[in-house]
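So the chains spell out like this:
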Amino acid sequence: HQVDNACQALGIVLCGGHTEVTHDLARPIAVGMMLGEVAKEDLVRTGGAQAGDDLILSKGIAIEGTAVLAREIGGQLVARLGPEIVARGRRFLTEPGISVWRDAQILCRAGRPHAMHDPTEGGLATGLWELALASDKGLIVHLDRVPVYPETQAFCQSLGLDPLGLIASGALLAAVSPADTAGMLQALSAAGIPATVIGQVVDGPAAVHTLGPGGRGSLRV
């Protein structure tokens, strides 16, 4: 029912599937794939970043990871941090939510992104490396500009985790021409979606360089 509702909301045709019983598997698993069509000139790839581009990050990190921690080990976190912050973390799944569909649509209407990528497993750190490797470009990331939700920061500090490595579905990473940056940020803001320029793209080889309080470094995954 949830899948059907989501497909109807986005104009997607649900083709169907099958169910089966698998030995020793005690819970249901849903597996899916998605096919879409786009005009060749409108295709935006992960590997299209160009030297000189700005790196825009929508929303912040790490939305899905925060929701997962609150839902899976909520009792442990309540004991350490209290019930209110854990309740907020549980709601991250839908608010701000883990979809980047609107973010991507708005960016493409406001200009021409050279590359887009959604950081998921491995968090923003892995997402940045994937974009750098696919584009064969270097990235310079200002760590103090990366928006980290207070709930995320609290959970990670309590558990000894790095927010940059926490599964980050819900944020969209885009490499865009500086000429488009202001218009894209304004369009996202008008739709109620916060976004930040967290860095720039430079000539290769592929690498992710960081700038922070400790000076210049390299981001490892």
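Please refer to the structure placed before this passage.
Just so we're clear, the structure is a prediction, and the values are computed from it rather than from any experiment. (Residues numbered from 1 in each chain as written. Predicted model: local features only at pLDDT ≥ 70, side-chain atom pairs only at ≥ 80, totals over all residues. Heavy atoms only, no water.)

## Describing the pairing of strand β6 (residues 207–212)
With five bridges joining them, strand β3 (residues 137–142) and β6 adopt parallel strand pairing. Bridged to histidine 142 within β6 is leucine 211. Relative to strand β7 (residues 215–218), β6 runs antiparallel, the two being bridged by four bridges. Paired with histidine 209 across the two strands is serine 218, which belongs to β7. Counted along the chain from β6 to the antiparallel partner β7, the turn is two residues long. (Pairing = 2+ DSSP bridges. Helix = DSSP H or I, 4+ residues; strand = E, 2+ residues; numbered from the N terminus.)

## Focus: the layout of surface pockets
Of the pockets and cavities examined, the second largest pocket occupies roughly 250 Å³. Along the walls of the second largest pocket sit 14 residues, with Lys59, Pro96, Gly97, Arg102 and Ile193 positioned nearest its centre. Taken together, the residues of the lining of the second largest pocket sort by class into seven nonpolar, three polar and four charged. (1 Å grid on protein atoms, 1.4 Å probe; cavity = no way out; pocket = protein on both sides within 12 Å on 5 of 7 lines; lining within 4 Å. Points joined across faces, edges and corners; volume = space filled by probe spheres on them. Nonpolar A, V, L, I, M, F, W, Y, C, P; charged D, E, K, R; others polar.)

## Points about helix α2 (residues 63–72)
α2 sits mainly inside the fold: seven of its 10 residues count as buried. Here α2 has its buried residues at Ile63, Glu64, Gly65, Thr66, Ala67, Leu69 and Ala70. In this structure, the buried side of α2 is in contact with α3 (74–81), α4 (83–90) and α7 (150–159). (Buried < 20%, exposed > 50% of the residue type's maximum accessible area, 1.4 Å probe, protein only. Contact = heavy atoms within 4.5 Å.)

## Some points on the environment of glycine 65
Among the structural elements, glycine 65 can be located in helix α2. Overall, the relative accessible area of 1% leaves glycine 65 in the buried class. Separated by 102 residues in sequence, glycine 65 and isoleucine 167 place their C-alpha atoms 4.8 Å apart. Those residues within four positions of glycine 65 in sequence are excluded, and the remaining contacts are Leu166 and Ile167.

## Regarding the packing of helix α5 (residues 101–110) against helix α8 (residues 178–190)
Packed helix pairs are characterised by how far apart their axes lie and by the angle those axes make with each other. Two elements in contact, α5 and α8, have axes separated by 9 Å at closest approach and are oriented at 140°. Of the possible angle classes, the one that applies to α5 and α8 is oblique. Note that α5 runs across α8; the crossing there is right-handed. Listed contacts from α8 to Asp103, Ile106, Leu107 and Ala110 of α5 are Gly183, Met184, Ala187 and Leu188. Taken together, the residues of the contact of α5 with α8 sort by class into six nonpolar, one polar and one charged. (Axes fitted to C-alpha atoms, helices over the stretch in contact; angles between N-to-C directions. Parallel < 35°, antiparallel > 145°, perpendicular 65-115°, else oblique. Left-handed = near helix turned anticlockwise from the far one by under 90°.)

These values are about where atoms sit, not about what they do.
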